[in-house]
Amino acid sequence: MEFLKAISSEEALGVIDSFAADPVKETVSINDVLHRILAEDAVSHEDIPPFPRSLVDGFALKVKDIQGAKETSPVFLYIQGEIKIGEAASVELEDGKCIYLTTGAMIPEGADGVVMQEFVRTAGDAVEVTKTLHRGENICFQGEDITKGKIVLQRGRKVTAFDVGLFSVIGMPDVPVYKRPVAGIISTGDEIVSVEEAPPFGKIRDINGHTIANILKDNGASCIFFGIGKDTVDSIAGKLELTRECDLVIISGGSSKGQRDYIADAIVRLGGEILFHGINIKPGKPTIFGRLWGRPVFGLPGHPNSCAMVTMRFVLPLLRRLKGEEGYKEKRVPGILSTNIPSTSGVEEYVKVAVREVDGSPYVTPIFSKSPVISSFVDASGYIIVPEGKDGYEKDEKVEVCLFE
Ligand code: AMP
Ligand code: MG
């Protein structure tokens, strides 16, 4: 397998973006819908509220009956009765009268305002109203919140807690969502052992299997870990054979060129194709993207830092498409550099940074680390991108930080 010329990150994202993704629908209970991706527009088949409701505790009345009412010259109205909350208003309000109700109760026919009880003095079977109202005051009208037939939430949206409230108010106990993509994850390397094992001298515990799975889980995938493959094409092909049911496969380690090009060779041996091998980025250059049995496969560099960054920047955009998410926006915040950041021109570089506030301004400090130093993520709030054509940034320059969230 020949090492292909590294392509730009933009080209790589273009290839990833053109990979066919066909999310599948399923229905889940409103109790399990948080953070899932809505698969159909949510439409209200009713007016909300379905009947006019009072916004306050007080007396429903006809606004024309209390013209000029004020503290010093109140207007008398007879109390016609009471409408209890949760009951249908069966009477029609008569002229010169009012009806007692509480917040949320149905407004009776004939009433066009509700005076708060604070502005009323009761006197036997009548009240003195000490304030005028404008028409409709303290009433939430039928359909004022949501009109019948309205799309309240659009397909492709990641469901929030507030959205779940909306499903409830429009009467959707079951919600159509897209199935969670299933990601198959494989770690490789003769030196890698599972966290359950005590590593013999010379071996190290698997980091990438855990990091990748948790980045993807955090972003709505189900993950299956297929274990640790050896540094042979046979071993990796054997692991890949187990992933046939997965919607996406991510292998880490052994993605670079040359003698140890096991991932690319294993994909090709099983009948797959390599769509690109090498992105002009740092860290993460030896990244593979291919197609195997119609599904996307990533081969990520073994260095845990590189592996995590490539997962964030290149695997997640594909995952979002596989899960049917639309309109995602990366969270970015502006900041001021506290020190220079040197960078090699001709490569797009990702530099992890800490953001802290100094005199009310967000100061951005790079966290330089060697590739295997996974602990550098602990203090990082996110990273900045040094574009391919730039030699770096200078102290006090304004930058944008992509947040890890
Ligand atoms: P490779 O991409 O296989 O050449 O690996 C590059 C470096 O990352 C080597 O030092 C490996 O030991 C290390 N590495 C590879 N895979 C993992 C892993 N799953 N967890 C921790 N370190 C790894
Ligand atoms: Mg390796």
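What counts and what doesn't
Residues numbered from 1 in each chain as written. Chains lettered and ligands numbered in written order. Predicted model: local features only at pLDDT ≥ 70, side-chain atom pairs only at ≥ 80, totals over all residues. Heavy atoms only, no water. Salt bridge = Lys/Arg side-chain N within 4 Å of Asp/Glu carboxyl O. Buried < 20%, exposed > 50% of the residue type's maximum accessible area, 1.4 Å probe, protein only. Helix = DSSP H or I, 4+ residues; strand = E, 2+ residues; numbered from the N terminus. Axes fitted to C-alpha atoms, helices over the stretch in contact; angles between N-to-C directions. Parallel < 35°, antiparallel > 145°, perpendicular 65-115°, else oblique. Left-handed = near helix turned anticlockwise from the far one by under 90°. Contact = heavy atoms within 4.5 Å. Nonpolar A, V, L, I, M, F, W, Y, C, P; charged D, E, K, R; others polar. Arc of directions from axis to C-beta. Pairing = 2+ DSSP bridges. Domains from an automatic or database assignment. Buried area = accessible area lost by both parts, 1.4 Å probe. Polar contact = N/O pair within 3.5 Å; in protein donor to acceptor, adjacent residues only side chain to side chain.

This paragraph deals with the pattern of salt bridges. One pass over the full model with this rule turns up 22 salt bridges. Linking arginine 244 and glutamate 241 is a salt bridge whose minimum nitrogen-to-oxygen distance equals 3.2 Å. We classify arginine 244 as partly exposed; its relative accessible area is 46%. As a salt-bridge pair, arginine 332 and glutamate 400 come within 3.2 Å of each other at their nearest N and O atoms. Residue arginine 332 is found in strand E22 (residues 332–337), and its partner glutamate 400 is found in strand E28 (residues 398–403); the two are separated by 68 residues along the sequence. Residue arginine 332 is classed as partly exposed on the basis of its relative accessible area, which comes to 39%. In the salt-bridge network here, residues are joined through shared partners; they are Lys62, Lys64, Asp65 and Asp95.

What follows concerns the packing of helix H3 (residues 208–218) against helix H6 (residues 304–322). Look at H3 against H6: their axes get within 10 Å of each other, and the N-to-C directions meet at 30°. As far as their axial angle goes, H6 and H3 are roughly parallel. Relative to H6, the crossing made by H3 is right-handed. Residue-level inspection shows Asn208, Thr211, Ile212, Ile215 and Leu216 of H3 in contact with H6, the latter providing Pro304, Cys307, Ala308, Thr311, Met312, Val315, Leu316 and Leu319. Residue composition of the contact of H3 with H6, grouped by class: 10 nonpolar, three polar and no charged.

Further remarks concern helix H4 (residues 233–241). Looking at H4, one finds that the buried residues are Val233, Ile236, Ala237, Lys239 and Leu240. Angularly, the buried residues of H4 cover 160° about the axis, an arc narrow enough to put them on a single face. Each element contacted by the buried residues of H4 is listed here: strand E13 (182–188), strand E16 (222–229), strand E17 (248–252), helix H5 (262–269) and strand E20 (288–292).

Spatial ordering of the open sheet is given by E16-E13-E17-E21-E20-E18, a layout of six strands whose pairing is mixed. A single partner strand is all that each edge strand has here, and the edge strands are E16 and strand E18 (273–277). The sheet shows a mean angle of 20° between the axes of neighbouring strands, taken without regard to direction. Bridge count for E18 against E20 is four bridges, and the pairing is antiparallel. Paired with histidine 277 across the strands is isoleucine 288, a residue of E20. Set on the sheet, H4 makes contact with E13, E16, E17 and E20; between it and E16 the angle comes to about 155°.

So, on to the domain arrangement of the chain. Taken as a whole, the chain is organised into domain 1 (9–24 + 179–322), domain 2 (25–48 + 144–178), domain 3 (53–140) and domain 4 (332–403). If you average the C-alpha positions of domain 1 and of domain 2, the two centres end up 34 Å apart. With four residues of domain 1 in contact, the opposing surface of domain 2 contributes five residues. Between domain 1 and domain 2 the total buried area reaches about 460 Å² when both faces are included, carbon and sulfur atoms providing 52% of it. If you look at where domain 1 meets domain 2, you find zero salt bridges. In this assembly, domain 1 and domain 2 are joined by zero residue pairs in polar contact (both at pLDDT 80 or more). In terms of residue class, the side of domain 1 that touches domain 2 is made up of two nonpolar, no polar and two charged.

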